[in-house]
Amino acid sequence: MTRKARLLVAVLCALVSAPAIAVVIMHIPAFGRHPLPYGDAINHTAGAQRHVTNMVSAVNFDYRAFDTLGEELMLVAAVTGTLVLLRGRRGESLSDRAAQAGNRPVCERSEAVTLACRFFLPLITTFGIYVILHAQLTPGGGFQGGAIVASGTLLLYLGESYRLWRRLVRSRLLDMLEAAGALVLVLCGLGPMARGGAFLQNVLQLGQTGALLSGGLILVENAGVALAVTAGFILLLLEFLEETRATCEGEGP
Amino acid sequence: MIAPATDVLAPLPVAVPLLVGTLLLLVGKVLPGRLPDALAILAALAVVTIDARLAAHTTGGPLVYWMGHWQPRGEVTLGIGLVINEAEAILAAFMALLFAATFIFAWGYFEDIRALFHVLMLIFLAAMQGFCLTHDLFNLFVWFEVMSVTAFALTAYRLEADPLEGALNFTVTNTIGSFLILGGIALAYSLAGLLDFGALARSLAQHADDPVAVGAFCMIAAGLLIKGAAIPFHFWLADAHAVAPSPVSVIFSGAMVPLALFGLGKIYWDVFETVPPVQLLMRTLVLGLGVTTAIVGGVACLRQRHLKRLLAFSTISHGGILLIGLALPGPVSLAGVLAYFIGHGLVKGALFMVAGVLLATAGGIDELWLRGRGRPVWPAGVAMAVAGSLLGGAPLGLMDSGSRLIGAAAGARGEDWILIAVVLGTACTGGAVLRGAGRIFLGLGEIAGEEARGPSEDESEKPARPLWLMMLPVIVLLIIAIGAGLPHADETMLGAAARFLAWDRIASIGPIGPATAAAVPAPSHPFVPWLTLGLAILIAAHELGHAWLPRSWSRTSRRVLSGPVFTAIDRAHDGVVGDYVVWILIGLALFSVSSAAALHAG
Amino acid sequence: MRGRGAVSFVPWATVAWLFAVGIYGVITSRHYVHLIGCLTVIQSATYIALLSVGYRFGSVAPIFYTRPPSTPAVDPVLQALVLTDIVVGATVTALLLALTLQVHKKRGTVNPERLRPMRQ
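These numbers come from a predicted model, not from an experiment. (Residues numbered from 1 in each chain as written. Chains lettered and ligands numbered in written order. Predicted model: local features only at pLDDT ≥ 70, side-chain atom pairs only at ≥ 80, totals over all residues.)

1. What to know about the overall build of chain A
Working step 1: Across its full length, chain A carries nine helices and zero strands.
Working step 2: Written out in order from the N terminus, the α and β elements of chain A read α-α-α-α-α-α-α-α-α.
Working step 3: Against the compact-globule benchmark of 18 Å for 253 residues, chain A has a radius of gyration of 24 Å, which places it well outside the compact range.
Working step 4: Referenced to the eigenvectors of the C-alpha coordinate spread, the extents of chain A come out at roughly 60 × 55 × 40 Å.
Working step 5: Residues classed as buried in chain A amount to 47% of the 253 residues present.
Working step 6: The long-range fraction of contacts in chain A, counting pairs at least 24 apart against all pairs at least 6 apart in sequence, stands at 73%. (Helix = DSSP H or I, 4+ residues; strand = E, 2+ residues; numbered from the N terminus. Rg over C-alpha atoms; globule rule 2.2 N^0.38 Å. Buried ≥ 20, exposed ≤ 12 C-beta atoms within 10 Å, placed from the backbone. Contact = placed C-beta atoms within 7 Å.)

Structure representation (C-alpha cells):
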C-alpha cells in the first residue's frame, strides 16, 4: 500500500471503531472516585506487616516480587540480546577514532563541558546510590537508582575521552555484575524454600520501620535489582557507544 | 489431597531454567567446550520431569501455590498465585521437551555467541512455563513480554539484511500487541480492582453487561492474537520464522505461537467466560477468524518456494485450527486442542529441524534450487515425508487425535461446515510439505526456467555438525508424535480438559467440586482423515507431476494460480511494517464492530 | 455517565489521542528511529491508562515516611505495574535501536518502506 492508502484505511478503521471506543470510555468507572480494594489492602497492611514506608517498593519486592523477577530477567535478556545483536569488534580498541557523519567535523571537547561533567558526576552518582539505598523508605528503588547511576557514567564519555571511558568501564566486570544481580534475585526466590517457606517469601528480620535496614528480603532483592540494572544499562551504553567509532579493515559486523 | 511434598515443585519450572540461565551468564565465558550445551539440556530435561510429576499429581485437584506465601485476605488476593492443572502441566512438559530437543539440535551451532544463546533460550523456557502456569493477569503479561524480548533478540542472530528486517517487523508488530494487552489490563482492573484470575472472574460476573469488560477482553485478545498469528494479525510470522535460525524457528512454531493462542483460551475460560457478550464473541468472531486463518494460511503455504516460509504459513494455518478448537465450547474441543498443540508442535519442530539439516548440508533453502540435492541426506527425506503425512491428516498420532476431537465437538454442535476449513487447511499444508519432500529428495517436479530465479539471499547454516546428531531429535520428536497417540491419549486429554474447565477458574479463591470426564466421542465422520490425506497427496502429486500432465491442463492451472485472489494474498505479504500495522488496525476495527453487535444482542 | 463530572473522560480521551498519534506516526514513518519514537508515544498512552485507573481524589502518594499509614493514598499496585511497563519499554527500545543500527550498516537505509524482507 502507498502511504496515502495506508492513512486512508487507518482513518476508516478509526471511524468504524470510534463508536465502540466512545461507549467504553463512557462506561469506565468514574476517574478518581472508584473503589481500589487491592491498593487499599496493601496501603493499610504493608506498613505493619513488612515495616516499610514505601508501598510501591513493598508491592514490587514483596507482594508481587514474582513480577519483578520476570521484569529483571527481561532486562537481562534484552541486554544480552543487544550484546548478541551488536557483537563485533568495532570500538573495542582504545585508540579508535570517532566516526564521521557525512561532512560534519568532529569537534574538540570544550573545557566547560569537561568541568561541568566532572562537577556533576559525583553528585549524580551519590544521588543514585541514595535512591537505591532508600528503596523501602522514600520514592525510589533499584530500578530508578540504577538507571540514574548508569546514566551518570555517561558523563565520563561526554566530559573526558572515549579512551578514558573504555578504561574505566570494563565490560567483563559489568557482565558479571549483571549476572550476579539476576542470580541474587533468583536465589531470593529459592532461598526461602530451603528453609521451608514459599518461593520469594520474606523470611529475613524485618527491622524497624523507618530505619535504613528494614523490610527483610526487600533489601536483598533491591540490591540485586540495583546491581543488575546499573550494570545492564552501562553495558547498553557501552555497546551503543562502540558503534560511534570509525570502522577499520576486517572488523566484522 | 495433594501430597505436600509436591507443593514445593510448583515454582520450580520457572525457577530452575532461570537459575541455570543466570549461572551460565555469570560463568559461561570460562566454561570449557560444550558444557553450556550440556547444562542447558539437563535444565530442560529437569523441567520436563518436574512438569510430568506435577501433571501426575494434579489428577485429584489443582495445585494452588501463592508466591511469597501471600494467601488471599478475605475477598482480596494480595499476591500472585499459580494454579497448576493437569492440562497446563502437560503442555508445560511438552514445551520443555521441545526445548531439550532444540538444544541437542543446536549443539555447536551458535559459535559466535556460545553460552549467550543458551542464556536467552533458558529465559525463554522459563517465560513459557510462567505464562502457562500463572493465575494472575499482570503476571501473564510479564511472562508474555519476557518471551517476546528473547524472541526478538534470537530472530536476528544471523545479522544479515533479511533476518534484521524480519526481526524489526516482528518486534514492531508484537510490541503494539503488548500495548494492547496493557490497555486491556487497565480496563479490567478499573472494573474489578484485582488481578487474580479467580477474583477477576467473580468480579466480572457482577459486571456481566458492562462494555468495559468486553473492551478489556477485545484488547487482550487482540494482543494475544497478534502473537498467535491469527488473520489479520499474522503478517509478521512469515517474515520472522523464515529468517530465524532453525533451532529458534522450532521453538517459535512449535511452542510460542500455539502458546499465545492457548493463553487466549486461558483468559477466556478463567476470567471472561462469565460475561455473555464475550461468550458470543468467542463463538462467532474468534471461530470465524480461526476458519479464515486455517484456509488462507493453507493456500498461502502452497505458493511458497522458501522452505522455512512455507513451514511458517503452515504454522499459521494450524494455528487457525487451534483457534477453532478454542472457540468451540466444552471439554471435547479443549481435549482436541491439547492433543493438537502437542502433536503439531512435535511435527513442526521436526520439520524445521529437517530444514536446518538441508541448510547445513545442501547449503540452500529454496525448494526449487534444492531439487534433487537432498539425496545425500535421505534420512531427512524420510522424516520429511512422515511429517508431511502427519501434517496432512494421516490417521495416526496426536495430530489426528486432536483434529478428530475438534471435529467431534463441531459435529456435536451441528457445525459440521467447520470441518471443511480443517480439511482444506490440513490438506494444503500437508500437500505442500509432501511436494517439498518429493522435489528435494526424489528430484521430481522439474519446472523449466524456474530454478534460475534463486532465493533473495544466499543462505546456509553451520555445516560442521554430524548428520546423526541433527537427525536424532527429529526422529525422537516424530516417534513421540506418532507413538503418544496410542490408546489412552484420548482419555488422558479428555480427563485433563474436563478437570481444567471445572477447576481452573475458581481454584484460587474457592472450593472445587467434582469433575467428570466426557466419554471418548465416536468420530462423526471417520472418513475425514483419509479424505484429508488423500487430498494432500493429490495436491503434492499435481504440483510434482506437471511434466506428465497434458499441456492444456497445466496452462489452465497456471492461469488459475496467478488469479486475482492468489496474487492479492502474495502482495499483501509485502514486508512493509506500516502495512502490517494497518492490518492490525483493521483487525481492531473488526473486534470493535463485533463487540458492539455482541453487546447489542445480549 | 455515572453521575460524575466531565473530567472523567479526559484521561481516557488523552489515552486514545496518544495511541492515535503514535499509530499515525508508525504508519507514515520514513525513518526507523522516528518509528521507535512513535512506539514510545504509544507506550505513554499505556502509562496514562494505568495510572489514571489508580488515582483517587484527595489522596497522596503511597509513601508513609512522614505521614501516618492511614492517610488516603493512591493505588500503589498500579504504580508498580507502570514501573514494570517502563522497564519493558526501555528494553524493547534498546533492542529496536540495535536492530536499526545493524540494518543501516547492511542496507544503507532506515526507511521502513524500503526494508522488505524476503523480496520474492
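2. Considering the overall build of chain B
Working step 1: Along the backbone of chain B there are 23 helices and two strands.
Working step 2: Scaling as 2.2 N^0.38, a compact globule of 602 residues should have a C-alpha radius of gyration of about 25 Å, and chain B matches this with 23 Å.
Working step 3: Counting only C-alpha atoms and orienting by the principal axes, one finds that chain B spans roughly 75 × 60 × 50 Å.
Working step 4: Classification of the 602 residues of chain B by burial places 69% in the buried group.
Working step 5: Put simply, of all contacts in chain B between residues at least 6 apart along the chain, 83% involve residues at least 24 apart.

3. Quick look at helix α2 (residues 37-50) of chain A
Working step 1: End to end, α2(A) covers 19 Å across 14 residues, agreeing with the expected 20 Å (1.5 Å per residue, within 8%).
Working step 2: Those residues of α2(A) lying buried are A:Tyr38, A:Gly39, A:Ala41, A:Ile42, A:Asn43, A:Ala46 and A:Arg50. (Expected span 1.5 Å × (residues − 1).)

4. Considering the interface of chain A and chain B
Working step 1: Contact residues are listed per partner, giving 55 residues for chain A and 58 residues for chain B.
Working step 2: Mapped by element, the contributors of at least two residues to the side of chain A that touches chain B are α1 (3-27), α2, α3 (55-63), α4 (65-85) and α8 (171-194) of chain A.
Working step 3: At 15 residues, the largest contribution of residues to the side of chain A that touches chain B is made by α4(A).
Working step 4: Among the residues making up the side of chain A that touches chain B, the classes are represented as 39 nonpolar, ten polar and six charged. (Nonpolar A, V, L, I, M, F, W, Y, C, P; charged D, E, K, R; others polar.)

5. Some remarks on the interface of chain C and chain B
Working step 1: In this complex, chain C contributes 33 residues to the contact, which on the side of chain B involves 42 residues.
Working step 2: Where the side of chain C that touches chain B is concerned, the elements lending two or more residues are α1 (9-28), α2 (32-53) and α3 (76-107) of chain C.
Working step 3: Tallying contributions element by element places α3(C) first for the side of chain C that touches chain B, with 13 residues.
Working step 4: Taken together, the residues of the side of chain C that touches chain B break down into 20 nonpolar, seven polar and six charged.

6. A word on the environment of B:Leu467
All names here are of chain B.
Working step 1: Mapped onto the elements of the fold, Leu-467 is located in helix α18 (residues 467-483).
Working step 2: Among the residues examined, Leu-467 registers 14 C-beta atoms within 10 Å and is labelled partly exposed.
Working step 3: Each C-alpha atom, one on Leu-467 and one on Val-357, is 7.6 Å from the other, the two residues being 110 residues apart in sequence.

7. Some points on the pairing of strand β2 (residues 81-84) of chain B
All names here are of chain B.
Working step 1: Residues Gly-81 and Val-83 of β2 are buried on one face, and the alternating residues Leu-82 and Ile-84, pointing to the opposite face, are buried as well.
Working step 2: Bridge analysis of strand β1 (residues 63-66) against β2 gives four bridges, and the strand direction is antiparallel. Bridging from a neighbouring strand, Val-64 pairs with Val-83 of β2. (Pairing = 2+ DSSP bridges.)

8. Side note on unusual backbone geometry
Residue and element names in this part refer to chain B.
Working step 1: Cis geometry is adopted by the peptide bond preceding Pro-232, which originates at Ile-231 and carries an omega value of -5 degrees.
Working step 2: Secondary-structure assignment places Pro-232 in the loop between α9 (211-227) and α10 (235-243).
Working step 3: Phi is positive for Ala-229, close to 55 degrees, though the residue is something other than glycine.
Working step 4: Considering the arrangement of structural elements, one finds Ala-229 in the loop between α9 and α10.
Working step 5: Residue Ala-229 is classed as buried on the basis of its C-beta count, with 32 C-beta atoms lying within 10 Å.

9. Comments concerning the packing of helix α17 (residues 418-442) of chain B against helix α20 (residues 528-544) of chain B
Residues and elements named next belong to chain B.
Working step 1: Contact geometry for α17 and α20: axes closest at 7 Å, N-to-C directions at 40 degrees. Considering their axes alone, α17 and α20 lie oblique with respect to each other. The way α17 lies across α20 gives a crossing that is right-handed. The residues of α20 that touch α17, namely those facing Leu-419, Val-423, Thr-426, Ala-427, Cys-428, Gly-430, Gly-431, Leu-434, Arg-435, Gly-438 and Arg-439, are Val-528, Leu-531, Thr-532, Leu-535, Ala-536, Ile-537, Ile-539, Ala-540, Glu-543 and Leu-544.
Working step 2: Residues that form the contact of α17 with α20 fall into these classes: 13 nonpolar, five polar and three charged. (Axes fitted to C-alpha atoms, helices over the stretch in contact; angles between N-to-C directions. Parallel < 35°, antiparallel > 145°, perpendicular 65-115°, else oblique. Left-handed = near helix turned anticlockwise from the far one by under 90°.)

10. Some details on the environment of B:Leu54
Residues and elements named next belong to chain B.
Working step 1: Residue placement: Leu-54 occurs in helix α3 (residues 35-57).
Working step 2: Its 25 C-beta neighbours within 10 Å are what place Leu-54 among the buried residues.
Working step 3: Residues Leu-54 and Leu-9, 45 residues apart in the sequence, show an inter-C-alpha distance of 7.4 Å.
Working step 4: In contact with Leu-54, other than residues within four places in its own chain, are Thr-6, Leu-9, Leu-63, Ile-84 and Ala-89.

11. Digging into the packing of α1(A) against helix α23 (residues 577-601) of chain B
Working step 1: Taken N-terminus to C-terminus, the directions of α1(A) and α23(B) make an angle of 20 degrees; their axes are 9 Å apart at the nearest point. Here α1(A) is positioned roughly parallel relative to α23(B), judged by the angle of their axes. α23(B) is crossed by α1(A), and the crossing has left-handed handedness. Along its contact with α1(A), which presents A:Arg6, A:Val9, A:Ala10, A:Cys13, A:Val16, A:Ser17, A:Pro19 and A:Ala20, the element α23(B) presents B:Gly578, B:Asp579, B:Val582, B:Leu585, B:Ile586, B:Leu588, B:Ala589, B:Ser592, B:Val593, B:Ser595 and B:Ala596.
Working step 2: Residue composition of the contact of α1(A) with α23(B), by class: 13 nonpolar, four polar and two charged.

12. Overview of the confidence of the model for chain B
Residues shown with low pLDDT carry predicted positions that ought not to be read at fine detail.
Residue and element names in this part refer to chain B.
Working step 1: Scored by pLDDT, chain B comes out at a mean of 88, with 95% of its residues at no less than 70.
Working step 2: Within chain B, helix α1 (residues 4-7) has the poorest average pLDDT of any element, 70, and helix α6 (residues 137-155) the best, 96.
Working step 3: For this predicted complex, the interface confidence reaches an ipTM of 0.95, while the overall pTM sits at 0.95. (pLDDT = per-residue confidence, 0-100.)

13. Observations regarding the environment of B:Gly587
Residue and element names in this part refer to chain B.
Working step 1: Along the chain, the position of Gly-587 falls in helix α23.
Working step 2: Between the alpha carbons of Gly-587 and Leu-289 there is a distance of 9.8 Å; along the sequence they are 298 residues apart.
Working step 3: When near neighbours in sequence (up to four residues on either side) are disregarded, Gly-587 contacts Ala-222, Pro-232 and Phe-233.

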